[in-house]
Structures are given as C-alpha cells and as structure tokens.
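# Per-entry structural report
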Protein chains: 2
Amino acid sequence: MTYCVGLLLDAGVVLLSDTRTNAGLDNIATYRKMFLFEQPGDRAIGIMTAGSLSITQTVMARLADANEEPDNDRSILRAPTMLQVAELVGATLSDVTSDVKSKMERMSQNATASMIVAGQRKGGPMRMFLIYPEGNFIEATADTPFLQIGEHKYGKPILDRVIEPGTSLGDAEKAVLLSMDSTLRSNLSVGMPLDFAVIEADAFQIGRTRRIEADDEGFARMSAAWSEALRNAFQEIDPI
Amino acid sequence: MTYCVGLLLDAGVVLLSDTRTNAGLDNIATYRKMFLFEQPGDRAIGIMTAGSLSITQTVMARLADANEEPDNDRSILRAPTMLQVAELVGATLSDVTSDVKSKMERMSQNATASMIVAGQRKGGPMRMFLIYPEGNFIEATADTPFLQIGEHKYGKPILDRVIEPGTSLGDAEKAVLLSMDSTLRSNLSVGMPLDFAVIEADAFQIGRTRRIEADDEGFARMSAAWSEALRNAFQEIDPI
C-alpha cells in the first residue's frame with residue numbers, strides 16, 4: 001500500500017508521500033511516489049501515485065517522454081491550464097491501466113492505480129485533483145481542502161479536525177506529518193522515508209522540498225511529542 | 001458497516017457497539033449488535049456482531065434456542081469454559097455462514113459475519129475472542145488487549161496509544177467512546193445509538209450497561225472536548 005496526502009490551502013499546496021512498495025510482505029522496496037515538475041515563472045506541478053508500480057511507472061515515463069518531445073501535445077509542461085494537466089494525466093492513466101488490465105485479466109488478476117495532481121499555472125488558480133484508475137477525477141474545494149490516496153483511514157481524523165483553507169503552511173506541514181505518523185504506526189505497508197513538498201500560491205515554482213529519512217530526529221521527536229500530547233489530552237477529558 | 005470494540009483488562013471486559021445496519025445508503029435501520037448472557041455467580045458473556053444481519057440474527061437465535069433447551073449440548077450458558085463458548089459460537093457461525101453462502105452463491109453474491117465473544121466463567125480467567133466468518137478464532141492477550149470488528153481503522157490510533165491491561169475501567173470507557181467518536185465522524189455507515197457494557201473481573205455477572213442515544217448530552221460534550229483537546233495538542237507540537 002501507500003499513503004499520499006495533498007492539501008489545497010490559500011497559502012499553497014502541501015504534498016506528502018511515503019515510499020514503500022511491496023509485492024507481498026517479503027518483497028519490500030523503496031520507490032519515490034512524488035514527482036515534481038516546474039517551469040519557473042510559468043507553472044509548478046506535483047504528482048503523487050498509489051497502486052500498481054507497473055502502472056504508475058509507465059504513466060510517469062510517458063508523461064516525462066511527452067515533456068521531452070517538442071511536438072507532443074500531451075505534455076503537462078505545455079498544457080494551458082491545470083484542468084488540462086489533470087485531463088492529460090487521467091487519459092494517460094486510463095490508457096496504461098487498460099493495457100495492463102488486458103494482460104492481467106488473462107491471469108485472473110487485477111491492477112489499478114490512482115494519483116493526486118496539484119499545482120498552478122500562471123493566470124490560473126492553484127488546483128488539486130484526485131485521478132481515479134479509470135482516468136476520471138474529482139477536485140479539492142474549500143469544503144474539502146485535502147485529498148488522500150492509498151491507506152487513508154488512519155490519518156484522516158487529524159486532517160478532519162485541523163485543516164481548513166486558511167491553515168498556515170507551518171501548521172499544514174505538521175498536520176500532514178502527524179497524519180502520516182498515525183498511518184505508519186498502524187499499517188506496515190506504509191513506510192519511511194517520506195517525501196515532502198510545498199508549492200506556494202502564485203510562486204509558479206516548486207518551493208521547499210524535503211526527504212525525511214527513517215532516522216530523522218525531528219520526525220521521531222514530533223511523533224513522540226504527539227503521542228504524549230494525545231495521552232495528556234485523553235487524561236484531561238471528563239468521562240460522560 | 002459496523003464498529004464494535006472490546007477491551008480485555010485486568011479489571012474486566014469493556015464492550016462498545018454501534019447499532020446501524022444498512023442495505024445500501026437509502027435503507028438504514030437500527031439493530032442491536034451486543035448480546036449479553038449471564039448466570040449470576042457462575043458466568044457472564046457478551047457477544048458483539050458485525051456483518052450480514054441475516055447471518056448474525058440466525059446465529060444469535062440458534063444460540064438463544066440452545067440455551068432454552070435443557071438437553072441441547074450447544075448452550076453457551078452450560079459450556080464448561082470460555083474456550084468452549086468461543087468454539088460453540090464459532091461452530092454456529094460456521095454452520096449458518098455455510099448455509100447462507102450456498103444460497104448467495106447461486107446469485108453470485110456473498111455474505112459473511114464476524115463476532116467478538118468475551119466473558120468469564122467461575123474457575124476460569126476472563127477471556128475475549130474474535131470469531132472469524134469461517135468459525136475459527138483468535139484471542140486477546142496482554143500484548144493485544146483489544147479486539148475490533150467492522151470499520152476498525154479510524155478508531156485504532158487512540159486505542160494503540162492508551163490501552164494496556166492495567167488501564168482502569170473509567171479510562172477504558174473513555175477510550176472506547178473516543179474510538180467510536182472518531183469512527184462516527186468519518187464513516188456514515190456507523191451510527192448512534194451505542195450499546196456499552198462492562199463485565200468486571202470475578203463478578204460473574206453483567207456489570208454496568210448503558211444505551212447512549214443520538215441526543216446524549218454527555219457524549220456530545222465529550223466529543224466536543226476531545227476535538228478541542230486534539231486541536232490544542234496540535235498547536236503545542238513543535239514543527240520538525
């Protein structure tokens with residue numbers, strides 16, 4: 001499994017993904033699931049992936065190829081709007097899934113993938129989309145300013161409680177890391193290191209990025225402090 | 001869906017279940033999912049159910065019938081140990097599931113159920129079991145003093161952090177209610193009212209029981225206080 005979360009805030013887009021890929025419990029590997037694209041001054045785009053690695057790698061490779069080919073009209077670096085970026089990613093995901101599906105079905109197996117696409121192009125607003133395996137998508141809004149793919153349940157309660165469009169980038173970083181922390185504790189198929197990125201509003205370039213390794217002292221300290229804070233909060237609650 | 005949680009503590013067994021049953025989003029009903037049996041001075045047993053209502057109702061009806069029939073050797077009120085109670089429930093669940101399955105498969109459908117069985121018989125320790133749809137089961141231990149069935153992920157982080165065998169019954173009640181609160185907030189298919197019960201160690205009778213209705217002021221206050229405490233705890237955490 002995987003856990004990726006994206007926030008669409010007034011101040012910018014905040015993205016966090018894990019890196020664990022597994023084919024069974026005894027075949028575990030680390031693969032990057034966050035991909036960042038920019039043309040400084042014009043656009044910045046982040047894509048996060050969940051699902052079958054054979055699908056997500058092929059989609060990302062096709063998108064990268066299209067960026068390299070000047071005449072290819074499926075380049076996300078040349079699409080005029082974020083909506084069209086989402087449509088291109090969705091169409092590519094749909095094509096690849098369909099190819100892989102026909103092979104898998106011959107073996108009575110199945111494979112799917114989903115993606116989060118977020119960013120901003122000059123002249124347009126910041127937008128964030130969740131692309132379904134079939135290629136269709138939904139968009140984050142002020143009512144629902146976060147999107148998750150993969151193992152999303154353990155980390156949702158904290159986001160439900162603290163994230164709103166006006167949340168600061170500092171609080172947003174804490175919130176996604178704590179959301180990931182709850183998921184890491186409860187599900188072995190989600191694992192360190194983590195990839196973190198911010199795209200600030202109207203910056204049209206990738207902002208701060210960071211890889212958080214398994215031995216990161218700050219993350220360990222925050223995780224311990226959160227456990228302690230939760231236990232203290234629990235003690236303060238009166239019984240009903 | 002459903003959410004039921006049971007704690008096996010030094011001080012006793014604590015049980016909490018929701019009551020929502022749904023067949024699609026537009027067909028929602030309230031059914032009790034917690035069933036309590038006692039022979040004061042000899043034994044006290046609690047059973048909670050999740051899954052297909054057609055299966056769980058039939059299992060509970062067969063168990064109740066067996067209790068009424070003096071010669072029936074499948075009565076959980078006459079089984080000599082809690083292990084044999086778990087085996088009786090497992091065998092009944094396996095029989096009923098198998099019956100229903102053969103009908104469902106003709107329509108290419110499927111139905112399963114699982115149960116938590118907890119209690120104590122005089123002369124033996126308190127025990128708690130999770131009965132799988134196939135009738136086999138696992139048991140709670142000091143390392144893993146809680147069991148959940150149904151929609152278990154949202155409510156697990158709080159249990160992971162605060163429950164251990166030495167937890168008091170008061171803290172245990174708070175913990176299962178907060179675990180349920182997180183689940184209710186995130187999943188519409190889990191709903192009020194709630195059924196709560198305690199079986200104290202070496203009491204050999206059902207202890208405090210309580211139905212918590214949707215308009216329960218104490219529960220609403222605790223839920224609000226917990227949200228507030230979580231947000232405060234969040235603010236206290238330093239960024240990494």
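Overview of the structure. This one's a predicted model, so the numbers in the text were calculated from it and none came from an experiment.

Parameters at a glance
Residues numbered from 1 in each chain as written. Chains lettered and ligands numbered in written order. Predicted model: local features only at pLDDT ≥ 70, side-chain atom pairs only at ≥ 80, totals over all residues. Heavy atoms only, no water. Pairing = 2+ DSSP bridges. Helix = DSSP H or I, 4+ residues; strand = E, 2+ residues; numbered from the N terminus. 1 Å grid on protein atoms, 1.4 Å probe; cavity = no way out; pocket = protein on both sides within 12 Å on 5 of 7 lines; lining within 4 Å. Points joined across faces, edges and corners; volume = space filled by probe spheres on them. Nonpolar A, V, L, I, M, F, W, Y, C, P; charged D, E, K, R; others polar. Core = buried A, V, L, I, M, F, W, Y, C linked by side-chain atoms within 4.5 Å. Buried < 20%, exposed > 50% of the residue type's maximum accessible area, 1.4 Å probe, protein only. Contact = heavy atoms within 4.5 Å. Buried area = accessible area lost by both parts, 1.4 Å probe. Salt bridge = Lys/Arg side-chain N within 4 Å of Asp/Glu carboxyl O. Polar contact = N/O pair within 3.5 Å; in protein donor to acceptor, adjacent residues only side chain to side chain. Axes fitted to C-alpha atoms, helices over the stretch in contact; angles between N-to-C directions. Parallel < 35°, antiparallel > 145°, perpendicular 65-115°, else oblique. Left-handed = near helix turned anticlockwise from the far one by under 90°. Expected span 1.5 Å × (residues − 1).

It is worth spelling out the pairing of strand β5 (residues 34–39) of chain B at this point. Where β5(B) lies against strand β6 (residues 43–51) of chain B, 6 bridges are found, and the strand directions are antiparallel. Note on β6(B): the bridge partner recorded for B:Phe35 is B:Ile47.

Here we come to empty space enclosed by the protein. In this approach, a probe sized like a water molecule rolls over the atoms, and the result shows the empty space that is left. Within the structure shown, the criterion is met by 1 cavity of 30 Å³ or more. Within this model, the largest cavity holds a volume of roughly 180 Å³. Forming the boundary of the largest cavity are 14 residues, of which A:Pro157, A:Ser182, A:Leu230, B:Pro157 and B:Leu230 lie nearest the centre. Elements represented by at least two residues in the lining of the largest cavity include exactly α3 (156–162) and α5 (217–236) of chain A together with α3 (156–162) and α5 (217–236) of chain B. Grouping the constituent residues of the lining of the largest cavity by class yields 10 nonpolar, 2 polar and 2 charged.

Take A:Asp65: it is sitting in helix α1 (residues 53–68). Sequence-wise, A:Asp65 and A:Val190 are 125 residues apart; in three dimensions their C-alpha atoms are separated by 29 Å.

For the rest of this paragraph, the subject is the nonpolar core. Among the nonpolar cores identified, the biggest contains 64 residues, and A:Leu7, A:Leu159, A:Trp226, B:Leu7, B:Leu159 and B:Trp226 are the most heavily contacted of them. Sequence-distant contacts of B:Leu159, defined by excluding residues within four places in its chain, comprise B:Tyr3, B:Val5, B:Leu7, B:Phe146, B:Gln148, B:Ala175 and B:Ser179.

Right, let's get into the interface of chain B and chain A. In this assembly, 39 residues from chain B lie in contact with 39 residues from chain A. The junction of chain B with chain A conceals about 3500 Å² of combined surface from both sides, 65% of it contributed by carbon and sulfur atoms. On the chain B side of the contact with chain A, B:Arg161, B:Phe234 and B:Ile240 bury the most area, a combined 28% of that side's loss. Put simply, chain B and chain A have 4 salt bridges between them. In this structure, the salt-bridge partner of B:Asp181 is A:Arg161, at a minimum N-O distance of 3.4 Å. Put simply, chain B and chain A have 14 residue pairs in polar contact (both at pLDDT 80 or more) between them. For the side of chain B that touches chain A, the elements supplying multiple residues, two or more each, are α3, α4 (169–186), β12 (209–212) and α5 of chain B.

Within this structure, the stated rule accounts for 28 salt bridges over all chains. We note a salt bridge from A:Glu151 to B:Lys153, for which the minimum N-O separation is 2.9 Å. With one member in each of two chains, A:Glu151 in the loop between β10 (146–150) and α3 and B:Lys153 in the loop between β10 (146–150) and α3 form a pair that bridges those chains. Each of A:Glu173, A:Arg208, A:Arg210 and A:Asp216 takes part in salt bridges that share partners, so that together they form one network.

Residues and elements named next belong to chain A. Packing of helix α4 (residues 169–186) against α5 brings their axes to within 10 Å, and their N-to-C directions diverge by 80°. When the axis of α4 is compared with that of α5, the two are roughly perpendicular. Packed against α4, whose contacting residues are Lys 174, Leu 177, Leu 178, Asp 181, Leu 184 and Arg 185, the element α5 presents Phe 219, Met 222, Ser 223, Trp 226 and Ser 227 at the interface. Among the residues forming the contact of α4 with α5, the class breakdown is 6 nonpolar, 2 polar and 3 charged.

Residue and element names in this part refer to chain B. In contact at an axis separation of 9 Å, helix α1 (residues 53–68) and helix α2 (residues 82–105) are set at 135° when each is read in the N-to-C sense. Classed by the angle they form, the pair α1 and α2 counts as oblique. Between α1 and α2 lies a crossing of right-handed hand. Contacts from Ser 54, Ile 55, Thr 58, Val 59, Arg 62 and Leu 63 of α1 reach α2 at Val 89, Thr 92, Leu 93, Asp 95, Val 96, Thr 97, Asp 99 and Val 100. A breakdown of the residues in the contact of α1 with α2 according to their chemical character gives 7 nonpolar, 4 polar and 3 charged.

Bringing the sheet that holds strand β9 (residues 137–139) of chain B into the picture now. Residues and elements named next belong to chain B. The 5 strands lie next to each other as β5-β6-β7-β8-β9, forming an open sheet whose pairing is antiparallel. Both outer strands of the open sheet, β5 and β9, are each paired with one neighbouring strand and no more. Sheet twist, expressed as the average angle between the axes of neighbouring strands with direction ignored, equals 20°. In the packing of α2 onto the sheet, contacts are made with β6, β7 (113–121), β8 (127–131) and β9, and the angle to β7 comes to roughly 160°.

Residues and elements named next belong to chain B. The strand order β10-β1-β2-β11-β12 describes an open sheet built from 5 strands, whose pairing is antiparallel. Looking at which strands have only one partner, the edges of the open sheet turn out to be β10 and β12. Recorded for the sheet is a direction-independent mean angle of 10° between the axes of neighbouring strands. Here 6 bridges tie strand β1 (residues 3–9) to strand β2 (residues 12–17), and the two strands are oriented antiparallel to one another. Residue Leu 9 lies in a different strand from β2, and its bridge partner there is Gly 12. The sheet strands contacting α4 are β1, β2, β11 (194–200) and β12, and the helix crosses β2 at an angle near 20°.

Moving on, we come to α2(B). Residue and element names in this part refer to chain B. Taking 1.5 Å per residue as the helical rise, α2 with its 24 residues ought to reach 34 Å, and the 33 Å between its terminal C-alpha atoms agrees with that figure. What α2 keeps buried is the set Met 82, Val 85, Ala 86, Leu 88, Val 89, Gly 90, Thr 92, Leu 93, Val 96, Thr 97 and Val 100. As for α2, its buried residues are in contact with β6, α1, β7, β8 and β9.

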